[in-house]
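Okay, here's what each chain looks like letter by letter:
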Amino acid sequence: MSKKLTKYILPEKEMPTSWYNILPDLPEPMPPMLHPQTHEPTILPPPLFPAALNDQEFSKEHTIEIPDEVLDVYKMYRPTPLIRAYRLEKALGTPAQIFYKYEGVSAAGSHKLNTAIAQAYYNKKAGIKRLATETGAGQWGSALALACQYMGLECKVYMVKVSYNQKPYRRIMMETWGAKVVASPSTDTNFGKQVLAEDPNCPGSLGMAISEACEDAFSRDDTSYSLGSVLNHVILHQSIIGLETKKQLEMADVEADIIIGCVGGGSNFGGLAVPFVKDKMKGKKIELIAVEPTACPSMTRGPLAWDLGDVAGMAPIVMMYTLGHSFIPSPIHAGGLRYHGMSPLVSHLHKLKLIDARAVNQKATFESAIQFARTEGIIPAPEPAHAIKVVIDEALKCKESGQKKVIVLGLSGHGHFDLSAYDQFLSGKLEADAYDEAKVKQSLAQLPKIDYVAPK
Ligand SMILES: *Cc1c(COP(=O)(O)O)cnc(C)c1O
């Protein structure tokens with residue numbers, strides 16, 4: 001038998017027991033969050049989030065211990081494997097070494113369970129009985145539904161209507177794990193009713209569903225709101241991905257030259273990247289590439305600006321790369337990459353030139369996903385397929401230059417519930433998505449006018 005290793009599996013006892021918080025290590029502090037009405041610096045709205053998560057959002061601690069109850073659930077699927085993509089390397093004929101960190105092994109099928117478990121835990125500890133949230137394609141909703149089940153909480157999910165109608169399997173998963181799911185815009189909230197009165201056929205958007213879930217949580221004492229991406233505490237929880245990856249690369253006796261992940265709200269990329277960004281801040285040479293769709297290119301085409309996190313203006317205003325809160329991207333299959341903005345933390349890292357961003361087209365991502373599935377076997381979700389496209393591009397560059405770079409891919413989830421998208425691609429019906437410049441212009445004209453200037 002060949003002695004070369006393919007899978008780097010950390011023993012359970014070597015799983016990280018703390019998350020890494022990059023905030024105190026940043027060379028320049030992040031801009032504050034602003035209150036949506038007063039435009040003054042604010043915290044996460046207390047009726048929506050428990051104090052523990054708010055503390056983490058602005059924490060100055062370098063590490064935060066993972067509670068035992070959270071670790072116990074993590075251990076059901078963590079540490080996740082780091083796998084050497086020998087067959088993909090061979091098919092590409094590249095001298096590069098490609099590794100992928102696979103988060104699809106959780107029961108929910110993606111990295112989102114890492115923060116869902118932590119958020120459900122802190123809410124339960126604060127006496128909360130019920131969580132309300134939004135979901136696009138259903139990845140986040142299913143992760144939170146399962147986490148609520150693990151922690152004994154009720155869960156209400158506002159699912160963007162197009163996905164609710166087109167993707168029944170994720171809804172059924174959520175219901176199997178005990179969640180209540182409605183199509184958004186819904187008649188369960190005033191905001192939803194208002195939208196439906198204006199446009200009964202409104203397909204919904206993530207920004208609208210967030211507004212509905214926030215209204216739900218504002219209106220009930222027993223309910224908190226839960227966000228699956230974007231915020232600092234979410235990236236904190238996802239840092240477990242990067243911390244494990246670092247240990248696994250040591251096991252493999254290599255150092256990463258390039259780290260590549262897809263970005264929707266920025267949490268899987270952020271979680272994978274932050275421990276390596278820390279090295280970069282200390283002078284280590286490493287490239288970190290965030291990949292977004294050309295249909296929703298907040299970092300590669302949008303300005304860094306103050307914008308609302310949701311359509312109704314209930315969530316705080318943050319400084320981020322954005323296409324404008326009223327932007328509704330074309331319905332590409334990577335539903336998790338359709339958020340109008342980008343995590344303020346990932347935006348800040350980009351502004352500080354600690355990470356790079358690239359946009360790729362949906363059609364090219366499916367070609368790459370198929371090549372990955374036919375070599376490595378795993379059928380990737382359409383979201384990380386964006387990162388795979390850039391991994392292949394970089395590996396082919398190595399082939400030209402003869403460089404033996406070490407490339408690490410964040411494989412955030414599997415695509416078992418996205419097979420109809422694969423079907424469309426395989427039968428030649430999948431459309432190349434287009435960037436709608438006029439729509440973005442229109443939406444950017446509606447950015448809030450903010451006079452806030454940081455005190456010197
Ligand atoms: C939701 C999702 C994403 C995008 O969200 P991020 O917060 O940017 O990570 C990427 N991949 C998968 C599998 C997802 O479910």
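Use the structure listed above.
About the criteria used
- Residues numbered from 1 in each chain as written.
- Predicted model: local features only at pLDDT ≥ 70, side-chain atom pairs only at ≥ 80, totals over all residues.
- Heavy atoms only, no water.
- Helix = DSSP H or I, 4+ residues; strand = E, 2+ residues; numbered from the N terminus.
- Rg over C-alpha atoms; globule rule 2.2 N^0.38 Å.
- Buried < 20%, exposed > 50% of the residue type's maximum accessible area, 1.4 Å probe, protein only.
- Contact = heavy atoms within 4.5 Å.
- Areas by Shrake-Rupley, 256 points an atom, 1.4 Å probe, with all protein chains shown as cover.
- Pairing = 2+ DSSP bridges.
- Near = heavy atom within 4 Å.
- Polar contact = N/O pair within 3.5 Å; in protein donor to acceptor, adjacent residues only side chain to side chain.
- Axes fitted to C-alpha atoms, helices over the stretch in contact; angles between N-to-C directions.
- Nonpolar A, V, L, I, M, F, W, Y, C, P; charged D, E, K, R; others polar.
- Core = buried A, V, L, I, M, F, W, Y, C linked by side-chain atoms within 4.5 Å.
- Phe/Tyr/Trp six-rings, centres within 6.5 Å; stacked < 30°, edge-to-face > 60°.
- Lys NZ or Arg CZ within 6 Å of the ring centre and 35° of its normal.
- Expected span 1.5 Å × (residues − 1).
- Salt bridge = Lys/Arg side-chain N within 4 Å of Asp/Glu carboxyl O.

1. Examining the overall build of the chain
Counting its regular elements, the chain contains 17 helices and 17 strands. Computed over its C-alpha atoms, the radius of gyration of the chain comes to 21 Å, within 12% of the 23 Å expected for a compact globule of 456 residues. Counting every position in the chain, which comprises 456 residues, the buried fraction comes to 62%. Within the chain, contacts between residues at least 6 apart in sequence are counted, and of these 77% link residues at least 24 apart. With the model as given, the accessible surface of the chain reaches about 18,100 Å², and the carbon-plus-sulfur share is 52%.

2. Section: the pairing of strand β17 (residues 406-411)
Across the six residues that make up β17, a large majority, six, are buried. Both faces of β17 are covered, namely the face carrying V406, V408 and G410 and the face carrying I407, L409 and L411. With six bridges connecting them, strand β7 (residues 97-102) and β17 associate as parallel partners. Residue K101 lies in a different strand from β17, and its bridge partner there is G410.

3. Focus on the site of the ligand
The local shell around the ligand holds 18 residues, among which K112, S229, G264, S267 and S412 are the closest. One nitrogen or oxygen atom from the side chain of K112 is found 2.6 Å from an oxygen atom belonging to the ligand. Here an oxygen atom of the ligand sits 3.1 Å away from a polar atom, N or O, in the main chain of G265. When the ligand is considered free in solution it has 380 Å² of accessible area, and contact with the protein chains removes 98% of it. Elements represented by at least two residues in the shell around the ligand include exactly α11 (267-281) and α15 (382-401).

4. A word on the sheet that holds strand β12 (residues 258-262)
Strands sit in the order β1-β6-β7-β17-β12-β13-β16 across an open sheet of seven strands; the sheet is mixed. Two strands lie at the open edges of the sheet, namely β1 (7-8) and β16 (356-360), each paired on one side alone. Running over the sheet, α11 touches β12, β13 (287-293) and β17 and is turned about 155° from β13.

5. What to know about helix α13 (residues 344-351)
Summarising burial for α13: seven of the eight residues are buried, a large majority. Inspection of α13 places P344, L345, V346, S347, H348, L349 and H350 among the buried residues, and these make up the whole buried set. On the buried face of α13, the contacting elements are α10 (232-251), α11, α12 (298-301), β14 (304-308), β15 (317-321) and β16. A side-chain oxygen of the first residue of α13 lies 3.1 Å from the backbone nitrogen of L345; this N-cap is S343. Just downstream of α13, K353 is the residue with a positive phi angle, here 60°.

6. Thoughts on the packing of helix α8 (residues 190-198) against helix α9 (residues 206-219)
Their axes nearest at 8 Å, the elements α8 and α9 cross at an angle of 140°. Taking contact as the criterion, the partners of N190, F191, G192 and V195 in α8 are, on α9, M208, S211, E212 and E215. For the contact of α8 with α9, a count of residues per class yields three nonpolar, three polar and two charged.

7. Some points on the nonpolar core
Counting 75 residues, the largest nonpolar core has W19, Y74, F99, L113, I117 and L288 as its most contacted members. With eight residues, the top contributor of residues to this core is helix α5 (residues 139-151).

8. Quick word on the packing of aromatic side chains
Tallied over the full model, the rule gives eight aromatic pairs. Centre to centre, the rings of Y74 and Y77 are 6.4 Å apart; their planes meet at 75°, and the pair counts as edge-to-face. Pair check on accessibility: Y74 and Y77 agree, each one buried. Ring-pair connections join several aromatic residues into one group, and the members of that group are F366, Y422 and F425. The lysine or arginine in question, R171, covers the ring of Y164, its NZ or CZ lying 5.6 Å from the ring centre. Taking NZ or CZ as reference, K246 lies 5.7 Å from the ring centre of F276, over its face.

9. Notes on the sheet that holds strand β10 (residues 180-184)
Here four strands make up an open sheet; going across it, the order is β10-β9-β8-β11 and the pairing parallel. Looking along the sheet, the strands with just one partner apiece sit at the ends: β10 and β11 (223-225). Pairs of neighbouring strands in the sheet enclose a mean axial angle of 25°, with direction left out of account. By the bridge criterion, three bridges tie strand β8 (residues 130-135) to β11 in an arrangement that is parallel.

10. Looking at helix α14 (residues 362-376)
Between its first and last C-alpha, α14 extends 20 Å over 15 residues, near the 21 Å set by a 1.5 Å rise per residue. By the burial criterion, the buried members of α14 are Q362, A364, T365, F366, S368, A369, I370, F372, T375 and E376. Count one or two residues on from α14 and you reach G377, which has phi positive near 95°.

11. A word on the pattern of salt bridges
Under the criterion given, the structure shown has 17 salt bridges. Between R220 and D222 there is a salt bridge, with its nearest N and O atoms 2.9 Å apart. Taking relative accessible area as the criterion, R220 reaches 36% and is therefore assigned partly exposed. Owing to a relative accessible area of 25%, D222 belongs among the partly exposed residues under this scheme. Residues joined in a network through salt bridges with shared partners are R78, K101, E103 and E244.

Read these as layout, nothing more, since geometry by itself doesn't imply function.
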